[in-house]
Amino acid sequence: MTLSDNTPLATKAATSPVAESSFMQAVSGRRPATTPVWFMRQAGRSLPEYRELRARSQASMLDVCLTPELASEATLQPVRRHGVDAAVFYSDIMVPLRLAGVDVEIVGGVGPVIASPIRCADDVDRLTERGASLSIAPGIEQIRQAVHMTVAQLGSTPLIGFGGAPFTLACYLVAGQPSRDHCEARAFMYSDPQSWDRLMTWCADVTGAFIAEQVSAGASATQLFDSWIGVLGEDDYRRHVSPYSARAIEVAGRVLSSTTGARAPMIHFGTGTPQLLTAMHDAGGDVIGVDQRISLESASALFDNTVPLQGNLDPAYLTVPFDILEEKVRQIIRQGKAAPSHIFNLAHGVPKDTDPSVLTRLVDLVHSL
């Protein structure tokens, strides 16, 4: 029986193949028959077909992100090649800043470069007077189209939308480029808490709106990605960062997925975060992403084994002999059983020089276990 367009959303969600996929079961706290697996940065530079796409289009990375046909193709490539259980929308944490009017470029060999960094209260005023709504921002329709195009081709495979967490965005905005220790952002945070509050509120609203746009266009789940949060201790995180991560998650969760008809579950992930995991969970998120600095068993124990987890293979294992990799994967799968559900992933993104065939074998291995 085919559902008509007038079928209630709740009915569509209950009968959706996407909603019953192994990934969506796990991200919703149910343990599926097979452990789902996807990889952060699975789309992009590690794939020869992606490099060919870039060469053929002669487009910069940000241009690929903002061109629906290219962004959709980049998103689909690892699903076709590896058979992963979820696609992650091909984008960058700088994209919502670009949409909001920030002059940012991704410079080869350097990374994101902000033309006018935030260094004082007046700079915050200049930034925040733009407003944080992306619904009518130039370029947002291209994001919606890319998501629509991708979901139409994914079938029962869910799409993950994502955005950078407010602290990570603020680190780039203050330093103006990648930083080793993010000292500039931390100094600004300590010295001018009022301006920091306005900056972080703006970042939370921008990234939350960006994630919400992906959900409304068809993404079934989301991830808030906090690349640099590990430089903080728990007290500073709870005082200066957690309220804004919570705000971003709340903004992102205001819309229902057009694919599942339900609120899109959120994965909350950061690097270097063993000391922050409980605080991150308090800020929000249905699944906590774990990096290699803590075992899944130890992470699960922090939550009395009640919180779904994602992770946590060190990407360095992708370059070792496969028998060593297999032993580690088996260990992670065993440890993941401590949580109510587990999504297999790396402890960070796929390195650019990874042999794609290793990832394909890794997916097959996880599925076989």
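Residues numbered from 1 in each chain as written. Predicted model: local features only at pLDDT ≥ 70, side-chain atom pairs only at ≥ 80, totals over all residues. Heavy atoms only, no water.

## Considering the overall build of the protein
- Across its full length, the protein holds 17 helices and 9 strands.
- Scaling as 2.2 N^0.38, a compact globule of 369 residues should have a C-alpha radius of gyration of about 21 Å, and the protein matches this with 20 Å.
- Expressed as lengths along the three principal axes of its C-alpha atoms, the size of the protein is roughly 55 × 45 × 45 Å.
- Burial status across the protein gives 56% buried among its 369 residues.
- Within the protein, contacts between residues at least 6 apart in sequence are counted, and of these 74% link residues at least 24 apart.
- With the model as given, the accessible surface of the protein reaches about 14700 Å², and the carbon-plus-sulfur share is 49%. (Helix = DSSP H or I, 4+ residues; strand = E, 2+ residues; numbered from the N terminus. Rg over C-alpha atoms; globule rule 2.2 N^0.38 Å. Buried < 20%, exposed > 50% of the residue type's maximum accessible area, 1.4 Å probe, protein only. Contact = heavy atoms within 4.5 Å. Areas by Shrake-Rupley, 256 points an atom, 1.4 Å probe, with all protein chains shown as cover.)

## Examining the confidence of the model for the protein
- This prediction gives the protein a mean pLDDT of 93; 96% of its residues lie at or above 70.
- Low pLDDT, under 50, characterises residues 1–14; the predicted model gives this stretch 14 contacts beyond four residues in sequence or across chains. (pLDDT = per-residue confidence, 0-100.)

## Notes on the side chain of T75
- When you line up the elements, T75 lands in helix 5 (residues 68–82).
- At 2.9 Å, the side chain of T75 and the backbone nitrogen of Y90 are in polar contact. (Polar contact = N/O pair within 3.5 Å; in protein donor to acceptor, adjacent residues only side chain to side chain.)

## A word on the packing of aromatic side chains
- Following the criterion strictly, the structure yields 5 aromatic pairs and no others.
- Plain terms: the ring middles of Y50 and Y90 are 5.5 Å apart, the flat faces sit at 45 degrees to each other, and that makes the pair tilted. A residue pair is termed long-range when its members are at least 10 positions apart, and Y50 in helix 3 (residues 48–57) and Y90 in the loop between strand 1 (87–88) and helix 6 (95–99) qualify at 40 residues.
- Where F167 meets W196, the ring centres are 6.2 Å apart and the plane angle is 65 degrees; that geometry is what we call edge-to-face. Separated by 29 residues along the polypeptide, F167 in helix 9 (residues 166–175) and W196 in helix 11 (residues 193–217) bring together distant segments of the chain.
- By the ring-pair criterion, three or more aromatic residues cluster together here, those being F167, F188 and W196.
- Residue placement shows R361 over the ring face of F322; its charged tip is 3.7 Å from the ring centre. (Phe/Tyr/Trp six-rings, centres within 6.5 Å; stacked < 30°, edge-to-face > 60°. Lys NZ or Arg CZ within 6 Å of the ring centre and 35° of its normal.)

## Considering the packing of helix 7 (residues 121–128) against helix 11
- Contact geometry for helix 7 and helix 11: axes closest at 10 Å, N-to-C directions at 25 degrees. Taken together, the axes of helix 7 and helix 11 lie roughly parallel to each other. Helix-helix and strand crossings are classified by hand; for helix 7 and helix 11 the assignment is left-handed. Contacts from A121, V124, D125, L127 and T128 in helix 7 reach S195, R198, L199 and W202 in helix 11. (Axes fitted to C-alpha atoms, helices over the stretch in contact; angles between N-to-C directions. Parallel < 35°, antiparallel > 145°, perpendicular 65-115°, else oblique. Left-handed = near helix turned anticlockwise from the far one by under 90°.)

## Here we look at the sheet that holds strand 6 (residues 266–270)
- Ordered by their spatial adjacency, 7 strands build an open sheet running 1-4-5-6-7-8-9, and the pairing between neighbours is parallel. In the strand order of this sheet, the two ends are held by strand 1 and strand 9 (342–346), each with one partner.
- In this structure, strand 1 lies alongside strand 4 (residues 159–164), joined through 2 bridges in parallel fashion. Looking at the pairing, V88 lines up with I160 of strand 4.
- Those strands touched by helix 11 are strand 4, strand 5 (221–226) and strand 6, and its axis lies near 170 degrees from that of strand 4.
- Each of strand 5 and strand 6 is contacted by helix 13 (residues 242–252), which is oriented at about 155 degrees to strand 6, the strand it contacts most. (Pairing = 2+ DSSP bridges.)

## Things to note about the nonpolar core
- Residues F23, W38, L173, L199 and W202 are the most contacted members of the largest nonpolar core, which totals 115 residues.
- When residues of this core are assigned to their parent elements, the largest contribution, 10 residues, is made by helix 11.
- Leaving out residues up to four positions away in the same chain, L173 has contacts with L97, V102, I114, P117, I118, L127, L199, W202 and C203.
- If you look at the next biggest cluster of nonpolar residues, it comprises 8 residues, including V215, L224, A252 and A264. (Core = buried A, V, L, I, M, F, W, Y, C linked by side-chain atoms within 4.5 Å.)

## Remarks on the environment of G233
- Topologically, G233 is positioned in the loop between strand 5 and helix 12 (234–240).
- A residue is classified by how much of its surface remains accessible, and G233, at 34% relative accessible area, is partly exposed.
- Remark: the alpha-carbon pair of G233 and I140, spanning 93 residues in sequence, is separated by 35 Å.

## Quick look at the pairing of strand 2 (residues 104–107)
- Note that strand 2 and strand 3 (residues 111–114) share 4 bridges and pair antiparallel. Note that in strand 3 the partner of V104 across the bridge is I114.
- Linkage of strand 2 to strand 3, two consecutive antiparallel strands, is achieved through a turn of 3 residues, within which G109 is found at a positive phi near 80 degrees.

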